[in-house]
Amino acid sequence: MLLEPPIDELVNKVGNPYRLAVVVGKRAKYLSETLTEEEKEARPEVTRAVDEVHEGSIIADDMAE
């Protein structure tokens, strides 16, 4: 279960929960292909993707759909 950052904040940043799922999923897939095993063990890909959305490093636009 995702506790930090709050899911409501993430949804507000991207517009709706479906877009959030797509953006995080695509970013996590990309990270899983590019990170080393040590980096994945230290911090999972989905966690990294969610944190990037929360920090504003990843911005959802119409291309994310």
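What comes next concerns the included structure. (Residues numbered from 1 in each chain as written. Predicted model: local features only at pLDDT ≥ 70, side-chain atom pairs only at ≥ 80, totals over all residues. Heavy atoms only, no water.)

1. A few points about the packing of helix H1 (residues 7-14) against helix H2 (residues 17-34)
Between H1 and H2, whose axes approach to 8 Å, the crossing angle comes to 90 degrees. On the basis of their axis angle, the class for H1 and H2 is roughly perpendicular. Contacts between H1 and H2 involve Ile7, Leu10, Val11 and Val14 on the former and, on the latter, Pro17, Arg19 and Leu20. A breakdown of the residues in the contact of H1 with H2 according to their chemical character gives six nonpolar, no polar and one charged. (Axes fitted to C-alpha atoms, helices over the stretch in contact; angles between N-to-C directions. Helix = DSSP H or I, 4+ residues; strand = E, 2+ residues; numbered from the N terminus. Parallel < 35°, antiparallel > 145°, perpendicular 65-115°, else oblique. Contact = heavy atoms within 4.5 Å. Nonpolar A, V, L, I, M, F, W, Y, C, P; charged D, E, K, R; others polar.)

2. Regarding H2
Along its 18 residues, H2 runs 26 Å from first to last C-alpha, staying within 8% of the 26 Å computed at 1.5 Å per residue. Buried residues of H2: Arg19, Leu20, Val23, Val24, Ala28 and Leu31, and no others. On an axial view of H2, the arc spanned by its buried residues comes to 155 degrees, and they lie on one face. Exposed positions of H2 whose direction lies more than 90 degrees from the buried face are Tyr18, Ala21, Lys29 and Glu33. Buried positions along H2 lie against H1, helix H3 (37-42) and helix H4 (45-55). Taking the backbone nitrogen of Tyr18 as reference, a side-chain oxygen 3.0 Å away marks Asn16 as the first, capping residue of H2. (Expected span 1.5 Å × (residues − 1). Buried < 20%, exposed > 50% of the residue type's maximum accessible area, 1.4 Å probe, protein only. Arc of directions from axis to C-beta. Polar contact = N/O pair within 3.5 Å; in protein donor to acceptor, adjacent residues only side chain to side chain.)

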